[in-house]
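# Observations on chain architecture
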Amino acid sequence: MRLSAQDEEFRHRVRQWLAENLTGPFAELRGAGGPGREHEAHAERLAWNRHLAAAGWTCLGWPADCGGRDATLAQQVIFHEEYARSGAPARVGYLGEELLGPTLIAFGTPEQRQRFLPPIAAARELWCQGFSEPGAGSDLAAVATTATLDGDQWVLTGQKVWTSLAHVADWCFVLARTQPGSRRGAGLSYLLVPMRQPGVTVRPIRQLTGTAEFNEVFFDGARTERGLVVGEVGDGWRIARGTLAIERGAATLGQQVVFRRELDGLVDVARRGPAGADPVLRDKLARAWIGLEVMRAHALAAVADAAAGTGTGGTGAAGTGAAGTGAEASVMKLLRSRWHQGLGELAMEVLGAPSMVARGTPYDLDDWQRRYLFGRADTIYGGSDEIQRTIIAERALGLPRPPRP
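Residues numbered from 1 in each chain as written. Predicted model: local features only at pLDDT ≥ 70, side-chain atom pairs only at ≥ 80, totals over all residues. Heavy atoms only, no water.

### So, the overall build of the chain
The secondary structure content of the chain amounts to eleven helices and eight strands. Here the C-alpha radius of gyration of the chain, 21 Å, is about what a compact globule of 405 residues would show, namely 22 Å. A principal-axis box enclosing the C-alpha atoms of the chain has dimensions of 70 × 50 × 50 Å. For the chain, the residues scored as buried account for 48% of the 405 residues in total. (Helix = DSSP H or I, 4+ residues; strand = E, 2+ residues; numbered from the N terminus. Rg over C-alpha atoms; globule rule 2.2 N^0.38 Å. Buried < 20%, exposed > 50% of the residue type's maximum accessible area, 1.4 Å probe, protein only.)

### A short note on unusual backbone geometry
Across residues other than glycine, the phi torsion is negative in most instances, and most of the peptide bonds are trans. At alanine 41, a residue that is not glycine, the phi angle is positive and equals roughly 45°. Checked against the element boundaries, alanine 41 lands in the loop between helix 1 (5-21) and helix 2 (42-54). Residue leucine 165 is not a glycine yet carries a positive backbone phi of 60°. Positionally, leucine 165 belongs in the loop between strand 3 (153-160) and strand 4 (171-177). A residue is classified by how much of its surface remains accessible, and leucine 165, at 14% relative accessible area, is buried.

### Quick look at the pairing of strand 4
In terms of residue burial, strand 4 counts as a mostly covered element, since seven of its seven residues are buried. Across the two faces of strand 4 the burial is the same, with Trp171, Phe173, Leu175 and Arg177 and Cys172, Val174 and Ala176 all buried. The sheet contact formed by strand 1 (residues 127-130) and strand 4 spans four bridges and is parallel. Bridging across to strand 4, glycine 130 finds its partner in valine 174. With seven bridges joining them, strand 4 and strand 5 (residues 188-194) adopt antiparallel strand pairing. Looking across to strand 5, one finds that valine 174 is bridged to leucine 191. (Pairing = 2+ DSSP bridges.)

### Topic: helix 2
If you check helix 2, its first and last C-alpha atoms are 18 Å apart, about what 13 residues at 1.5 Å a residue would give, namely 18 Å. Of the positions making up helix 2, those classed as buried are Arg45, Leu46, Trp48, Asn49, Leu52 and Ala53. For helix 2, the angular spread of the buried residues around the axis is 160°, confining them to a single face. Pointing more than 90 degrees away from the buried face of helix 2 are the exposed residues Ala43 and Ala54. Structurally, helix 2 contributes buried residues whose contacts are with helix 1, helix 3 (73-86) and helix 5 (110-121). (Expected span 1.5 Å × (residues − 1). Arc of directions from axis to C-beta. Contact = heavy atoms within 4.5 Å.)

### As for the packing of helix 1 against helix 3
Packed helix pairs are characterised by how far apart their axes lie and by the angle those axes make with each other. Direction vectors running N to C along helix 1 and helix 3 enclose 30°, while the axes themselves pass 9 Å from each other. Taken together, the axes of helix 1 and helix 3 are roughly parallel relative to one another. In this structure, the crossing between helix 1 and helix 3 has a hand that is right-handed. Of the residues in helix 3, those in contact with Asp7, Phe10, Arg11, Val14, Arg15 and Leu18 of helix 1 are Ala74, Gln75, Ile78, Phe79, Glu81, Glu82, Tyr83, Arg85 and Ser86. Each residue belonging to the contact of helix 1 with helix 3 can be placed in one class, and the counts come to seven nonpolar, two polar and six charged. (Axes fitted to C-alpha atoms, helices over the stretch in contact; angles between N-to-C directions. Parallel < 35°, antiparallel > 145°, perpendicular 65-115°, else oblique. Left-handed = near helix turned anticlockwise from the far one by under 90°. Nonpolar A, V, L, I, M, F, W, Y, C, P; charged D, E, K, R; others polar.)

### What about the side chain of serine 355?
Among the secondary structure elements, serine 355 is positioned in the loop between helix 9 (328-351) and helix 10 (367-374). At 2.7 Å, the side chain of serine 355 and the backbone oxygen of glycine 352 are in polar contact. Discounting residues that sit within four places of it in the chain, serine 355 has contacts with Met348 and Gln369. (Polar contact = N/O pair within 3.5 Å; in protein donor to acceptor, adjacent residues only side chain to side chain.)

### With respect to the pairing of strand 7 (residues 214-225)
With eight bridges connecting them, strand 3 and strand 7 associate as antiparallel partners. Bridge pairing links glutamine 159 to phenylalanine 218 in strand 7. Where strand 6 (residues 200-205) meets strand 7, six bridges bridge the pair, whose relative direction is antiparallel. Across the sheet, valine 202 pairs through a bridge with valine 217, a residue of strand 7.

Written out as structure tokens, the structure reads:
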């Protein structure tokens, strides 16, 4: 991806603004939040998110008439990279800004965009994603939550699980079955549901790390307005797939800057301890570095081709044949999840026996232990690795579908 002089000037402005604004009380937020640490300084990070919004640094890729900055893909990559390099805290409005907002821009009605985009851009309303269920985790087409019309309102009944940040969300975008007797992807609708109402119960799910950013959400007669269906009634499967494709866009390159910082930190630990002399661990660290370079090259190729309006050279990123099949996002998810989970495992090897002992009571984990334990979820959330491989096999490689009950 070639950067122009204007892109480099944009990078300078982003870097300068972050340096000037990550000061005072915001300086204390550096490094706060993120996967496994969403409990950290939520109110303070929300204030930071609103500070970003007031300065026009949210929703960069949205069109200007939707409240965005109309930034190019190159500029979005630059922002996410510089944001990560600065150590700025994880944003609390991510699900609305990066997932629902673009979904509404692509598929929503003018009324829906007018109602929801401004408070998302200003970080005044927070969102969560109601897709996974106890009996339909990565197999989203098997959702059982139902929504039936009662006059001018939909009435929802069912359960969602692994719902990130549901306990602080104002709204949830929900995949529900609106056609009785329908199966798989047919008969699903994509509903926008207020969280703060009778009939919605949120229960935290405590993780191995001791934190609880995931939740169970129960809908027991919860209601939403008839017009709050994104796309057509019964077309929710197509809209949901659009959301999932958005989920692995330019922001992944900022995430890789964080991965680089984590890997550099682990290499530094190895250099200062006995692990640095172990040829097997040295080889594993080198392979981790190579894997991160591969991931970055893949992401840059995908972003550059998207900016150019092409596939990935007609063959899909990394030669998978995935371009235009909907499998590109699955390739990126597999690369990311396997690499990051592997880094946590490698950290335990580098640290050796001390990695097995908490540094304090009752359960005071250090950053490496927390990263390892939370990393067990990397290959599950956002679509398990097994599901991603199935998508690649069927959509990109054209392999026959196995028999399904």
